[in-house]
Amino acid sequence: MPRTTYAAVRVDSTIPPYESPGNVAAAIVADLKDIENAMRMNVEKALPLQGVQLLQFYRVRKDRISGYPVIVTEYRRSGPKGPVIVQVNQIFTESQTIGVNLSYRESETALWKPVIEQIRQSITVAKWP
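Residues numbered from 1 in each chain as written. Predicted model: local features only at pLDDT ≥ 70, side-chain atom pairs only at ≥ 80, totals over all residues. Heavy atoms only, no water.

## Quick word on the packing of aromatic side chains
No. 1: According to the stated counting rule, one finds 0 aromatic pairs in the structure shown.
No. 2: The positively charged end of Lys127 is found above the aromatic ring belonging to Tyr68, 4.1 Å away from the centroid. (Phe/Tyr/Trp six-rings, centres within 6.5 Å; stacked < 30°, edge-to-face > 60°. Lys NZ or Arg CZ within 6 Å of the ring centre and 35° of its normal.)

## Comments concerning the nonpolar core
No. 1: Among the nonpolar cores identified, the biggest contains 15 residues, and Ile35, Phe57, Val60, Ile71 and Tyr75 are the most heavily contacted of them.
No. 2: Elements represented by at least two residues in this core include exactly helix H1 (21-49), strand E2 (54-65), strand E3 (68-77) and strand E4 (84-92).
No. 3: Looking at which element gives the most residues to this core, the answer is H1, with 6 residues.
No. 4: When near neighbours in sequence (up to four residues on either side) are disregarded, Ile35 contacts Ala27, Ile28, Val60 and Ile71. (Core = buried A, V, L, I, M, F, W, Y, C linked by side-chain atoms within 4.5 Å. Buried < 20%, exposed > 50% of the residue type's maximum accessible area, 1.4 Å probe, protein only. Helix = DSSP H or I, 4+ residues; strand = E, 2+ residues; numbered from the N terminus. Contact = heavy atoms within 4.5 Å.)

## Description of the sheet that holds E4
No. 1: With antiparallel pairing, the 5 strands of this open sheet are ordered in space as E1-E5-E4-E3-E2. Each of the sheet's edge strands pairs with one partner strand only, and the pair in question is strand E1 (7-14) and E2. Recorded for the sheet is a direction-independent mean angle of 15° between the axes of neighbouring strands.
No. 2: With 9 bridges joining them, E4 and strand E5 (residues 97-105) adopt antiparallel strand pairing. Within the sheet, the bridge partner assigned to Ile91 lies in E5 and is Ile98. (Pairing = 2+ DSSP bridges. Axes fitted to C-alpha atoms, helices over the stretch in contact; angles between N-to-C directions.)

## Focus: unusual backbone geometry
No. 1: The step from Ile15 to Pro16 runs through a cis peptide bond, and the omega angle for that step is -5°.
No. 2: If you trace the backbone, Pro16 turns up in the loop between E1 and H1.
No. 3: Positioned with a positive phi, Ser66 is a non-glycine residue whose angle comes to about 50°.
No. 4: Relative to the assigned elements, Ser66 resides in the loop between E2 and E3.

## What about the pattern of salt bridges?
No. 1: Considering all chains together, one arrives at 9 salt bridges under this definition.
No. 2: Between Asp12 and Arg10 there is a salt bridge, with its nearest N and O atoms 2.9 Å apart.
No. 3: Given a relative accessible area of 47%, Arg10 falls into the partly exposed group.
No. 4: The partner of Asp63 in a salt bridge is Arg61, and the shortest N-O contact between them spans 3.6 Å.
No. 5: For Asp63, a relative accessible area of 27% puts it in the partly exposed group.
No. 6: A cluster of three or more residues bridged by salt bridges with shared partners is formed by Arg59, Arg61, Asp63, Glu74 and Arg120. (Salt bridge = Lys/Arg side-chain N within 4 Å of Asp/Glu carboxyl O.)

Structure (structure tokens):
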């Protein structure tokens, strides 16, 4: 691989969870547009603190991983060597909120998008007793 490529995967766990899976599933159905507006505002505030800018906010959508509700946020941000495509997956379980951030440099889409998609499809969350 050339040394100039960029893709990243970051996994975070927050205990206790931000919200229960049931509450998140209900909110996603009822308030997806409100969730999208809140996520957009959070991204717009957080990125400048990291030294980058929001270039385009794509969407927030709902999904499920291992039966748990997921809020997926997708956007395009600036980067030191060109724009970066970002997907943030927030998985809500009874015991934790799992964040899985996937990103790659836009100019390297042909190289990294299939890899990032495969990583996303491989995510599973085990049920704890």
